[in-house]
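Examining the three-dimensional arrangement
As a plain string of letters, each chain reads:
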Amino acid sequence: MNGTKRTTAAADRDRALALRRRLTSSAAACGLVAVAALGFLAEATHAGKATAAAATTSTSPSTGSSSASQSSSATTSGSLSSGAVSSGNSGSATVVSGGS
Amino acid sequence: MPLGVSDGRALGSVLRVVVTDDRLLGEARPAVDRVVAEVDLACSRFRDDSELSRVNRGAGTETEVSALLARAITAALRAARLTDGLVDPTVGSAVKSAGYDVDFAEVPADGAPIALTVRAVPGWRRVTVLDATRRVSLPAGIELDLGSTAKALASDLAAAAALEAMGDGGVLVGLGGDVAVRGAAPREGWHVQMADSSEAPLDPAAETVSIRSGGIATSSTTVRRWRRGGVELHHIIDPRTGLPATGPWRTVSVCAGDCLDANIAATAAIVLGDSAVDWLETRRLPARLVDRDGGVRRIAGWPE
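Please read all numbers here as calculations on a predicted model, not as lab measurements.

Helices and strands together make up the secondary structure of chain A, namely one helix and two strands. Reading chain A from its N end, one meets helices and strands in the order α-β-β. Within chain A, buried positions represent 21% of all 100 residues.

For the rest of this paragraph, the subject is the sheet that holds strand 3 (residues 62–64) of chain B. Backbone hydrogen bonds are what pair the strands of a sheet, in a parallel or an antiparallel way. Residues and elements named next belong to chain B. The antiparallel open sheet is built from three strands, whose spatial order is 3-6-5. Whereas interior strands pair on both sides, the edge strands pair on one side only; in this sheet they are strand 3 and strand 5 (128–130). Taken over all neighbouring pairs, the strand axes of this sheet differ in orientation by 25 degrees on average, direction set aside. Here strand 3 pairs with strand 6 (residues 135–137) via three bridges, running antiparallel. The partner of Glu 64 across the bridge, within strand 6, is Arg 135.

Now for the interface of chain A and chain B. Residue-level contacts link 40 residues of chain A with 80 residues of chain B. If you list the elements that add at least two residues to the side of chain A that touches chain B, you get strand 1 (86–87) and strand 2 (95–99) of chain A. For the side of chain A that touches chain B, the class distribution of residues is ten nonpolar, 30 polar and no charged. Note that strand 1 of chain A and strand 10 (residues 208–211) of chain B share two bridges and pair antiparallel.

Before going further, it helps to spend a moment on the environment of Gly26(B). Residues and elements named next belong to chain B. Looking at where Gly 26 falls in the secondary structure, it is placed in helix 1 (residues 25–43). For Gly 26, a count of 13 C-beta atoms within 10 Å puts it in the partly exposed group. C-alpha of Gly 26 to C-alpha of Ala 162: the two residues are 136 residues apart in sequence and 9.9 Å apart in space.

Bringing the pairing of strand 9 (residues 190–197) of chain B into the picture now. Taking burial as the measure, the eight residues of strand 9 of chain B include six buried ones, the bulk of the element. Bridge analysis of strand 2 of chain A against strand 9 of chain B gives four bridges, and the strand direction is parallel. Paired with Val95(A) across the two strands is Val192(B), which belongs to strand 9 of chain B.

A few words now on the sheet that holds strand 2 (residues 13–19) of chain B. Residues and elements named next belong to chain B. Across the sheet, which stays open at both edges, the eight strands sit in the order 1-2-7-8-11-16-17-18 with antiparallel pairing between neighbours. Edge positions in the sheet fall to strand 1 (4–10) and strand 18 (296–299), since each has one partner strand and no second. The mean inter-strand angle of the sheet, taken between neighbouring strand axes irrespective of direction, is 10 degrees. Sheet analysis places strand 16 (residues 249–256) next to strand 17 (residues 287–291), joined by five bridges and oriented antiparallel. Across the sheet, residue Val 252 finds its bridge partner in strand 17, namely Leu 289. Taken strand by strand, helix 5 (residues 147–166) contacts strand 2, strand 7 (170–175), strand 8 (178–183) and strand 11 (214–220), and its axis lies near 25 degrees from that of strand 8. Relative to the sheet, helix 6 (residues 259–272) contacts strand 8, strand 11, strand 16 and strand 17, its axis offset from that of strand 16 by approximately 155 degrees.

Grouped together as the largest cluster of nonpolar side chains are 104 residues, with contacts concentrated most on Ala72(B), Ala162(B), Val171(B), Ala265(B) and Ala269(B). Beyond its immediate stretch of four places on either side in the chain, Ala72(B) contacts Ala42(B), Cys43(B), Leu146(B), Ala150(B) and Leu153(B).

On average, residues of chain B score 95 in pLDDT, and 100% of them reach the 70 mark or higher. Here the predicted complex carries an ipTM of 0.91, next to a pTM of 0.81.

Attention shifts here to unusual backbone geometry. Residue and element names in this part refer to chain B. Even without being a glycine, Arg 134 presents a positive backbone phi close to 50 degrees. With respect to the secondary-structure elements, Arg 134 resides in the loop between strand 5 and strand 6. Even without being glycine, Ala 300 reaches a positive phi, approximately 55 degrees. Relative to the helices and strands, Ala 300 resides in the segment after strand 18.

Cut-offs applied
- Residues numbered from 1 in each chain as written.
- Chains lettered and ligands numbered in written order.
- Predicted model: local features only at pLDDT ≥ 70, side-chain atom pairs only at ≥ 80, totals over all residues.
- Helix = DSSP H or I, 4+ residues; strand = E, 2+ residues; numbered from the N terminus.
- Buried ≥ 20, exposed ≤ 12 C-beta atoms within 10 Å, placed from the backbone.
- Pairing = 2+ DSSP bridges.
- Axes fitted to C-alpha atoms, helices over the stretch in contact; angles between N-to-C directions.
- Contact = placed C-beta atoms within 7 Å.
- Nonpolar A, V, L, I, M, F, W, Y, C, P; charged D, E, K, R; others polar.
- Core = buried A, V, L, I, M, F, W, Y, C linked by C-beta atoms within 7 Å.
- pLDDT = per-residue confidence, 0-100.

Given below as structure tokens:
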């Protein structure tokens, strides 16, 4: 009698442990899928933008004085800005651009 | 509406302010003068009382600076980054070693031989500006020279300040050949005469171009020259050698989205030499390059 009860209890324990392993594995798999899905969703909807570090060669302008706050867009740009130039009328120049 | 024109001198160079409505000159000129004076006090390496001189004297430590100087140094470091170090603010000691150690008006035109050493400048990567605290860290032995970029930045800032003061119309600021325009341009644009020197008089026969926005800057080895031991020297230092640049171009003019970028590109082209044409075309920067013999090459949309 006692031997049969012990056998039954052991079998129940093994089934319970197997069930717990299946539940644990399933939960882990579901968790991974959920994290991946949320990550994908977040990237798609809130991609954000890279910013430079605050220190060293930061490209952000400081502000404070009246003249410094007059921003020049190229001061912060990551590349040299191009311009457009066309032929002028000789004799109508108002200023000279030369070395100094 | 007649243009309003006002002339003067600033930062050791000619200054010209032009506005589209001469009635607004009274608002524009004081704004320009204020900005230029602020830049001079912040960025001059020839004034003992300038902030830059204080930073250079404090090399080896961190120095807190004004927003304007922080911005000027940041602009200079950006210039170095975008040109792979061809325009580098750490040329200060090299410029001095070459003989340009006081205001140029006081530099003797001729003199005895001096010893020049081929040695790369310390390098812009060793300079840091902490935006949050406006503290500049300059290692010992490094001296900053913002001359290449500060004047162009002053033109941009002055033009913007003038336009704000005017409230309407358009303005051109020409400071030693660095030309910045803001606001509404005249109907046919702003006409700019090209020359080796910004001190050249207006000449009806000279090449003239037109811009409606942004800026034009010119760098040239034909100005700020001196002689030591019979050798001609000039003020544009090649950071790779620490000596005056020796490339084939004597004068380069560039049109860009603002005067600062035009100045950066023009100076880089002088230093870069033979490769400058490809470098400018790759960046789609309209440019006019004059070689040592006076031959002119126009590229990337610069009008023929």
